[in-house]
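Report on the structure
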Amino acid sequence: GAVVSQHPSWVICKSGTSVKIECRSLDFQATTMFWYRQFPKQSLMLMATSNEGSKATYEQGVEKDKFLINHASLTLSTLTVTSAHPEDSSFYICSAPDLGIPRTDTQYFGPGTRLTVL
Amino acid sequence: GDSVTQMEGPVTLSEEAFLTINCTYTATGYPSLFWYVQYPGEGLQLLLKATKADDKGSNKGFEATYRKETTSFHLEKGSVQVSDSAVYFCALSDRVSGGYNKLIFGAGTRLAVHP
């Protein structure tokens, strides 16, 4: 099946710094990607929808100036956590939907990136 | 809004035991329902899905039936194996017109199977 990778798999940074997380579709093109956040023992919460060639769509309550999303190509989306603080520590997961015809509801998920802000 | 509730874990079973992980949902429309599985160190993988009432999704010995009357989508397997140890997520697809569907997830249930 389709494979989505994320880099890095984990990162530790100091408070106030910015961190970039990459999401790549390895064997297919993804005009849309989704970014999720998962707190320990909690659900995955959709943060934003990344669209190649246009601005990302953010979910209610997600600060777009805090979480910058750039869909640079048909295989790459990046999430930058700007001026990170300890409360931003979380597990960030991306996914890309199946572009098959007919359209299905299937999404392919990356393995996630664990961010720890000291 | 739409939501998914699934039983808390961890669920600990012996090999060959019967598995049930409960999942109920709240939705205003007619969502598709999914079970995703996350093995250690890997991304979420689609395990099975059902797109309308009374549909049964099945894969790798796992089954779940879309029950509209009870708004449930319980996951079952007759005989679990150690290799089934993972975290299982129930999810529904919240249809958004003109775009790809958003997924709303339950909290996940960790399953540990012992030999």
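One structure accompanies this document, and this report is about it. All of these numbers come straight from a predicted model, not from anything done at the bench.

How each quantity is defined
Residues numbered from 1 in each chain as written. Chains lettered and ligands numbered in written order. Predicted model: local features only at pLDDT ≥ 70, side-chain atom pairs only at ≥ 80, totals over all residues. Heavy atoms only, no water. Pairing = 2+ DSSP bridges. Helix = DSSP H or I, 4+ residues; strand = E, 2+ residues; numbered from the N terminus. Axes fitted to C-alpha atoms, helices over the stretch in contact; angles between N-to-C directions. Contact = heavy atoms within 4.5 Å. Salt bridge = Lys/Arg side-chain N within 4 Å of Asp/Glu carboxyl O. Polar contact = N/O pair within 3.5 Å; in protein donor to acceptor, adjacent residues only side chain to side chain. Nonpolar A, V, L, I, M, F, W, Y, C, P; charged D, E, K, R; others polar. Core = buried A, V, L, I, M, F, W, Y, C linked by side-chain atoms within 4.5 Å. Buried < 20%, exposed > 50% of the residue type's maximum accessible area, 1.4 Å probe, protein only. Patch = residues over 30% accessible without salt bridge, like charges linked within 9 Å, V, L, I, M, F, W, Y side chains within 5 Å. Areas by Shrake-Rupley, 256 points an atom, 1.4 Å probe, with all protein chains shown as cover.

Thoughts on the sheet that holds strand E3 (residues 19-25) of chain A
Residues and elements named next belong to chain A.
- One open sheet accounts for four strands, arranged E1-E3-E8-E7; its pairing is antiparallel. The open sheet has two free edges, formed respectively by strand E1 (4-7) and strand E7 (67-73), since each of these has just one partner strand. Each neighbouring strand pair of the sheet contributes to a mean axis angle of 20°, computed without reference to strand direction.
- In this sheet, strand E8 (residues 76-81) lies alongside E7 in antiparallel orientation, the contact comprising five bridges. For phenylalanine 67, the partnering residue across the bridge sits in E8 and is valine 81.

Some words on the interface of chain B and chain A
- At the interface, 21 residues of chain B touch 23 residues of chain A.
- Taken together, chain B and chain A are joined by one salt bridge.
- Our count for the chain B to chain A interface comes out at two residue pairs in polar contact (both at pLDDT 80 or more).
- Here the side of chain B that touches chain A takes four residues from strand E5 (residues 32-38) of chain B, the largest share from any one element.
- Split into classes, the residues belonging to the side of chain B that touches chain A amount to nine nonpolar, eight polar and four charged.

A word on the sheet that holds strand E9 (residues 75-77) of chain B
Residues and elements named next belong to chain B.
- Spatial ordering of the open sheet is given by E3-E9-E8-E7, a layout of four strands whose pairing is antiparallel. Looking along the sheet, the strands with just one partner apiece sit at the ends: strand E3 (19-21) and strand E7 (56-59). Adjacent strand axes in the sheet meet at a mean angle of 15° when their direction is disregarded.
- Taken together, the three bridges between E3 and E9 define a ladder with antiparallel strand orientation. Bridged to leucine 19 within E9 is lysine 77.

So, the nonpolar core
- Core analysis: the biggest nonpolar cluster contains 26 residues, and Leu19, Trp35, Leu47, Leu48, Phe73, Leu75 and Tyr88 of chain B have the highest contact counts within it.
- Of all the secondary structure elements, the ones that give two or more residues to this core are strand E2 (11-14), E3, strand E4 (23-26), E5, strand E6 (44-50), strand E8 (62-65), strand E10 (86-94) and strand E12 (109-114) of chain B.
- If sequence neighbours within four positions are ignored, leucine 47 of chain B has contacts with Trp35, Tyr36, Val37, Asn59, Lys60, Phe62, Leu75 and Tyr88 of chain B.
- Grouped together as the second largest cluster of nonpolar side chains are 23 residues, Val4, Met47, Leu79 and Tyr92 of chain A included.

Overview of the pattern of salt bridges
- Tallying each qualifying case throughout the model produces six salt bridges over all chains.
- Measuring nitrogen to oxygen at the nearest pair gives 3.0 Å for the salt bridge that ties lysine 102 of chain B to glutamate 59 of chain A. Remark: glutamate 59 of chain A occurs in the loop between strand E6 (57-58) and E7 and lysine 102 of chain B occurs in strand E11 (residues 102-105); the pair is interchain, linking two chains.
- A salt bridge links aspartate 84 of chain B to lysine 77 of chain B, with the shortest nitrogen-to-oxygen separation between them at 2.7 Å. Lysine 77 of chain B shares its class with aspartate 84 of chain B; the two are buried.

Concerning the side chain of serine 72 of chain B
Residues and elements named next belong to chain B.
- Mapping serine 72 onto the fold places it in the loop between E8 and E9.
- Note on serine 72: relative accessible area 5%, which makes it buried.
- Looking at serine 72, its side chain comes within polar contact range of the side chain of threonine 70, at 2.8 Å.
- When neighbours within four sequence positions are excluded, serine 72 is seen to be in contact with Cys23, Thr24, Tyr25, Leu33, Thr65, Tyr66 and Arg67.

Some details on the environment of lysine 102 of chain B
- For lysine 102 of chain B, a relative accessible area of 24% gives the class partly exposed.
- Separated by 92 residues in sequence, lysine 102 of chain B and proline 10 of chain B have C-alpha atoms that sit 27 Å apart.
- Separated by 3.0 Å, the side chains of lysine 102 of chain B and glutamate 59 of chain A make a polar contact.

Focus: the environment of asparagine 101 of chain B
- With respect to the secondary-structure elements, asparagine 101 of chain B resides in the loop between E10 and E11.
- When the C-alpha positions of asparagine 101 of chain B and proline 31 of chain B are compared, they lie 9.7 Å apart, and in sequence the two are 70 residues distant.

Here we look at a nonpolar patch on the surface
- Together, Trp10, Ile12 and Leu118 of chain A make up a nonpolar patch on the protein surface, roughly 390 Å² of accessible area in all.
- Residue class for tryptophan 10 of chain A comes out exposed when judged on its relative accessible area of 58%.

Thoughts on unusual backbone geometry
- Here histidine 7 of chain A and proline 8 of chain A are connected by a cis peptide whose omega angle stands at 0°.
- The topology assignment puts proline 8 of chain A in the loop between E1 and strand E2 (10-13).
- For the bond from glycine 9 of chain B to proline 10 of chain B, the omega torsion is 0°, close enough to zero to count as cis.
- You can see proline 10 of chain B is positioned in the loop between strand E1 (3-6) and E2.
- For serine 83 of chain A, which is not glycine, the phi torsion reads 45° and is therefore positive.

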